[in-house]
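The primary structure of each chain is shown beneath.
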Amino acid sequence: MSRRFEFVPRDTKKIETKNRRIVTKIPVPESSEIIEELRKYEPLSMSGQPLVVWDRAEGFNVYDKFGNKWIDFSSGVVVANAGHCNPKVKNAIIEQAEHGLLFNYCFPSEIRGKLVKKLSDISPEPLKKVFLLSTGSEATECAIKLARKYGQKVGGKKKIKIITFDDAFHGRTLGAIQAGGSKKAKEWIVNLDPDINQVPYPNSFKYSWADVNDPTYSDDKCFNKILSSLQKQNIEPEHIAGIMSETFQGAWMELMTPGVTRKLREFCDKFNIVLIFDEVQAGFGRTGKLFGFEHYNIVPDNLLC
Ligand SMILES: Cc1ncc(COP(=O)(O)O)c(C=O)c1O
């Protein structure tokens, strides 16, 4: 459960640099009404952040209405990867609003046609079909569904297992949260899907067997940790429909080692398993390449971006 910051305005050192300006008490006394309204009408989970009331944001700067200016190190949970209010993004939104079409669900439109073609053109084979959804969680749910449908088609009723990684995050809806790697986050579900299972993520902060700088490290040894976890859970590779991973785990800011990822690709090819990369946090340039998977020289079967 989120903890709330207490609303106690404090005298703060005045700051005036290129990217930061603090000229008031923090939190700003005049902002108490806004905070009170939010706390009155929203659930507790929405009130865990510092009491800075965002008014506008540009590039990596956030401004309040009271003359203060901060650097947004969160980048809106990596959403503002092109910068807040990037003029190209802003103008495209304005242009579309002025054009006079804000919604057309699954009915055809020229603009949607242009977008899906563009996304397909910039993606390598086999990532050529595009399905536009509103949130990352929906993309996760859809990926689970597609993998299970494919699994059953090619391998029968038992090929339904979805394998994901400890500490992974794939969203907050029912399937997405079960695909996530936090046991605590799913306690409330009680009746967990027995066919969504986790294996350890090769995380060098946690495990020496995953640390490429450890003298005893090898890709085989590292990948075997994943295989032995499957064995311990009595999971037959033939029953796996899909394996899903973030290309870097947001929780640790760590990329999987390329050798292990290539072994994962080989394993999925061998057992006709859909390899799903969740790049809701990594995609579109946020790891320095257009897609995170380009760091590994492999391509997934399904990409969530
Ligand atoms: C890797 C990853 N997958 C899925 C999601 C869920 O996306 P959304 O919050 O849009 O449902 C997130 C959100 O932070 C994410 O980081």
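Just so we're clear, the structure is a prediction, and the values are computed from it rather than from any experiment.

Caption draft 1: Highlighting the pairing of strand 6 (residues 161-165). Among the five residues that make up strand 6, five are buried, leaving the element largely enclosed by the rest of the structure. Pairing of strand 6 with strand 8 (residues 240-246), which is carried by three bridges, proceeds in the parallel orientation. Directly across from Ile162, in strand 8, lies its bridge partner Gly242. After leaving strand 6, the chain enters helix 6 (residues 174-179) and then returns to the sheet as strand 7 (residues 196-199), a path that is right-handed.

Caption draft 2: Geometry of the site of the ligand. The full set of residues close to the ligand is Thr135, Gly136, Ser137, Phe169, His170, Gly171, Glu246, Asp278, Val280 and Gln281. One nitrogen or oxygen atom from the main chain of Gly136 is found 2.9 Å from an oxygen atom belonging to the ligand. Between the ligand and Asp278, the relevant distance is 2.6 Å, taken from a nitrogen atom to a side-chain nitrogen or oxygen of the residue. Protein burial of the ligand: of its 390 Å² of free accessible surface, 80% is covered by the chains.

Caption draft 3: Spotlight on the packing of aromatic side chains. Tallied over the full model, the rule gives seven aromatic pairs. Judged by centre distance (5.1 Å) and plane angle (55°), the ring pair of Phe267 and Phe271 falls under tilted. Overall, the relative accessible area of 9% leaves Phe267 in the buried class. The rings of Phe223, Phe267 and Phe271 are connected pair by pair, giving a single aromatic cluster. The ring of Tyr63 carries Arg56 above its face, with NZ or CZ at 4.0 Å from the centroid.

Thresholds applied
Residues numbered from 1 in each chain as written. Predicted model: local features only at pLDDT ≥ 70, side-chain atom pairs only at ≥ 80, totals over all residues. Heavy atoms only, no water. Buried < 20%, exposed > 50% of the residue type's maximum accessible area, 1.4 Å probe, protein only. Helix = DSSP H or I, 4+ residues; strand = E, 2+ residues; numbered from the N terminus. Pairing = 2+ DSSP bridges. Right-handed = clockwise from strand over helix to strand, strands pointing away. Near = heavy atom within 4 Å. Polar contact = N/O pair within 3.5 Å; in protein donor to acceptor, adjacent residues only side chain to side chain. Areas by Shrake-Rupley, 256 points an atom, 1.4 Å probe, with all protein chains shown as cover. Phe/Tyr/Trp six-rings, centres within 6.5 Å; stacked < 30°, edge-to-face > 60°. Lys NZ or Arg CZ within 6 Å of the ring centre and 35° of its normal.

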